[in-house]
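Structural overview
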Amino acid sequence: MQNAALRPIQILKPAVAERIAAGEVIERPSSVVKELIENSLDAGATEISVSLEDGGKSLIEVTDNGHGMGPEDLSLCVLRHATSKLNVLDDLERIHTLGFRGEALPSVAAVSQLSIISRRAGSDAAFELTLGDLSERNEDSARPERVTFGHFLHSMHGTRIQARGLFAQVPARLKFLKSQGAEVSQVREWMERLALTHPQTGFQLFSEGRAILTLRPEDEASRTRTLLGDKNDTPIITSTWSDEAHTPSLRLRAHWLQGLSVPNARKLVQVINGRAVRDRVVQQALLSPFRQALLPGQFPAFALYLEIDPSQLDVNVHPTKTEVRFLESGRVFRAIESLVETMIARHGAPAYASTLWRASENPSPIPSFRPANVATPSPVWNFSAPPVIPSDSETPRVVSQNPFQHARFNGIAFNTYLLFEHESELIVIDQHAADERIRYEALKKKFTSRTLSSQALLLPEAVRFAPEQRQRLLERLAWIQKLGFEAEIFGEDSLLFRAIPAEWGTDSLRTRLKNLIDRLLATEVTEKNESALAVDESLFESLASEACHSAIRAGDALEPIEARAILGRLFECTHPWNCPHGRPTVVRLARGKLEEWFQRRV
Ligand code: ADP
Ligand code: MG
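What you see is a predicted model; the values in this text were computed from it and never measured. (Residues numbered from 1 in each chain as written. Chains lettered and ligands numbered in written order. Predicted model: local features only at pLDDT ≥ 70, side-chain atom pairs only at ≥ 80, totals over all residues. Heavy atoms only, no water.)

1. Considerations on the overall build of the protein chain
Counting secondary structure elements, the protein chain contains 16 helices and 22 strands. With 602 residues in all, the protein chain has 49% of them scored as buried. Here the analysis covers contacts within the protein chain between residues at least 6 apart in sequence; of these, 67% occur between residues at least 24 apart. A total of about 29800 Å² of accessible surface is found on the protein chain, and carbon and sulfur atoms cover 52% of it. (Helix = DSSP H or I, 4+ residues; strand = E, 2+ residues; numbered from the N terminus. Buried < 20%, exposed > 50% of the residue type's maximum accessible area, 1.4 Å probe, protein only. Contact = heavy atoms within 4.5 Å. Areas by Shrake-Rupley, 256 points an atom, 1.4 Å probe, with all protein chains shown as cover.)

Take a look at the structure:
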């Protein structure tokens, strides 16, 4: 056999080279949709519709009402490096469009049967580009193409692109495609990301002729709510910041669905100069202030829009342009982190609130909010050196203090909301959420200091379990004993509780004990929690969250003295602003808002 290294060098045949290059841009149907939608957005479309057949394998069709293409552009647009968006190298410094590499259409054409029909704004005729059959093409010959009159009925002007039989000629790629449902949901996910970058554009997605996503034009905050919120009236907090005084300028707009937290980063959106990206620096800056406000493993629903002078940004890092690089990432990091810290401090803040608190009354000079003893990252990072993000230990936070120490108790609404008046605000506390937080932290404190105490039950409580779970339960019994339960297996199918942790209380005890057994059985033995002595933190959290159910309920009538005690104890907590499940405990209503409502002030 001939050794490959001994073969003479050859220039790849165009058709081979094209398919290799296409592989960088086009991985699956969603990559085709992404590229085509970006072109539609660059063409100024305000309506974009996508249709898929067989998850995009048989057909991907994207129709827009953008400015369209004339016959000359049509015959050029499928050539590699053909673009109307970049002329000279210097233009790379001022990119305002999503595309600029002139690679998408030729890539799609290399791996599918492409046809384009387009009508240019101001023209009364539409033209159609058809490319010769992919399968008939041999490796040497260029593919015949034809531009003819076509019919574009969608609107006065615009473009419709169809890609049929994706990867039909590239079996190596075809076999990596997933089920129809999985490909459709990838497309949907990409469309939603792009829709967040252009809220004023309407989007529709059809699969097998059925509409599965319809987004009407709306503003940025409501598009964020539509796509990230769990219901239409999810409250949203918007904050903006800019430092126009400095050149080059940097502008931030943030929309935060404050009451929502989710166990993954899927509701974190970054839009940089109109481009949906996942940048590590931005992500870190965004999440670091939340580390104090949310439970570990919980993420906020948050959309950040960043606009920066294009000369400060390298968007040409990756063929699919989903990564960027900042010239001054330190500056960007600090600006984002400060904005997010301020938002949290004002609307539901983590434990370091006391300094931020006062500072947050004055909305403009964000950078000064940082406590003075914080190590400042070096001012300029260049392209070659990725930042070293400041770690937690470098950013000491001020310990919590009750910001409402001198608040006046004003009563309880609906036996659920504790009302306090504080300076120029009405403070509303959800008694159930607050008590959950208080109990949770009390339990955790005792657990970590190994001072959990038990409360003996007057009558032991027997809870049944399925007999086949007996062994599994036995293996896990030591864990709950560690948490202050005294329990033993009784007969074939019962667990007899003689004592429970003092913090548990006895409300609906049986149900909670039953839930506890379910959780226990559902927890896998891992290296970390194998030994009964090492009940690891996540196991503790899972078991302790059961304790929350003993909390004061909405609807329980409290005495004023209990209400005041809740306020005081809440702000002794490390994370007073959210219950352990991430819901807010406190809502602040500004007096000014009331005055607006009553038209005392316009
Ligand atoms: P790029 O977007 O990087 O310029 P593409 O291969 O994606 O490269 O597109 C090539 C060119 O085709 C674009 O620069 C644009 O002029 C034109 N074009 C592509 N799609 C559309 C569209 N939907 N409407 C108008 N023009 C388009
Ligand atoms: Mg493009």
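2. Concerning the sheet that holds strand β21 (residues 494-501)
Pairing in this open sheet of 3 strands is antiparallel, and the strands run β19-β21-β20 from one edge to the other. Here the strands that pair on one side only, and so sit at the sheet edges, are β19 (454-464) and β20 (486-490). Between one strand axis and the next, the sheet turns through 15 degrees on average, direction left out of account. Note: β19 against β21, 7 bridges, orientation antiparallel. Looking at the pairing, S454 lines up with P501 of β21. (Pairing = 2+ DSSP bridges. Axes fitted to C-alpha atoms, helices over the stretch in contact; angles between N-to-C directions.)

3. Side note on the site of ligand 1
What surrounds ligand 1 is a group of 20 residues, the closest being N39, T83, S84, K85 and G102. Between D64 and ligand 1, the recorded distance is 2.9 Å, taken from a side-chain N or O atom to a nitrogen atom. Here an oxygen atom of ligand 1 and a side-chain polar atom of S84 are 2.5 Å apart. Out of a free accessible area of 520 Å², ligand 1 has 95% covered by protein chains. In this structure the site holding ligand 1 corresponds to the second largest pocket. Take the shell around ligand 1: its biggest share by element is 3 residues, from helix α4 (residues 104-111). Split by residue class, the shell around ligand 1 holds 8 nonpolar, 8 polar and 4 charged. (Near = heavy atom within 4 Å. Polar contact = N/O pair within 3.5 Å; in protein donor to acceptor, adjacent residues only side chain to side chain. 1 Å grid on protein atoms, 1.4 Å probe; cavity = no way out; pocket = protein on both sides within 12 Å on 5 of 7 lines; lining within 4 Å. Sits in = over half its atoms within 2 Å of the grid points. Nonpolar A, V, L, I, M, F, W, Y, C, P; charged D, E, K, R; others polar.)

4. Structural notes on the environment of R253
In this fold, R253 is placed in strand β10 (residues 250-262). The exposure class assigned to R253 is partly exposed, which follows from its relative accessible area of 23%. Along the backbone, R253 and S242 are 11 residues apart, and their C-alpha atoms lie at a distance of 8.6 Å. Contacts of R253, omitting those with residues within four sequence positions, involve E220, S239, T240, A303, L304, Y305 and E307. In terms of polar contacts, R253 uses its side chain to reach the side chain of E220, at 2.8 Å.

5. Remarks on the packing of aromatic side chains
Applying the stated criterion across every chain yields a total of 9 aromatic pairs. Taken together, a centroid distance of 6.4 Å and an interplanar angle of 90 degrees make the contact between F414 and Y417 edge-to-face. Residue classification places F414 among the exposed residues on the basis of a relative accessible area of 70%. The exposure class assigned to Y417 is partly exposed, which follows from its relative accessible area of 35%. Considering the side-chain rings of F571 and W577, the 5.2 Å spacing of their centres and the 75 degrees angle between planes classify their relative orientation as edge-to-face. Taken as a pair, F571 and W577 share a single burial class, namely buried. In this structure an aromatic cluster arises from ring pairing among W256, F290 and F302. The side chain of K34 reaches across the aromatic face of W190, ending 5.6 Å from its centre. Above the plane of the ring of W190 lies R193, whose end atom (NZ or CZ) is 4.3 Å from the centre. (Phe/Tyr/Trp six-rings, centres within 6.5 Å; stacked < 30°, edge-to-face > 60°. Lys NZ or Arg CZ within 6 Å of the ring centre and 35° of its normal.)

6. Details of the sheet that holds strand β4 (residues 126-131)
Taking strand neighbours across the sheet as the criterion, the 8 strands line up as β5-β4-β3-β6-β2-β1-β7-β8 in an open arrangement whose pairing is mixed. In this open sheet, the two strands that pair with only one neighbour each are β5 (145-150) and β8 (210-215). Pairs of neighbouring strands in the sheet enclose a mean axial angle of 15 degrees, with direction left out of account. One ladder, built from 7 bridges, connects strand β3 (residues 113-119) with strand β6 (residues 158-164); its direction is antiparallel. Residue pairing across strands places Q113 opposite R164, the latter belonging to β6.

7. Quick notes on the side chain of R193
Checked against the element boundaries, R193 lands in helix α6 (residues 180-197). We note that R193 is buried and unpaired, the nearest opposite charge coming from E189 at a distance of 6.1 Å. Aside from chain neighbours lying at most four places away, what touches R193 is A276, V277 and R278. (Lys, Arg positive; Asp, Glu negative; His and termini not counted. Salt bridge = Lys/Arg side-chain N within 4 Å of Asp/Glu carboxyl O.)

8. Re the packing of α6 against helix α7 (residues 220-228)
The interhelical angle for the contact between α6 and α7, taken along N-to-C directions, is 165 degrees, at an axis separation of 9 Å. Our classification of the angle between α6 and α7 gives roughly antiparallel. Of the two possible hands of crossing, α6 and α7 adopt the one that is left-handed. Two secondary-structure elements touch here, α6 through E192, A195 and L196 and α7 through R223, T224 and L227. Here the contact of α6 with α7 is built from residues that sort into 3 nonpolar, 1 polar and 2 charged. (Parallel < 35°, antiparallel > 145°, perpendicular 65-115°, else oblique. Left-handed = near helix turned anticlockwise from the far one by under 90°.)

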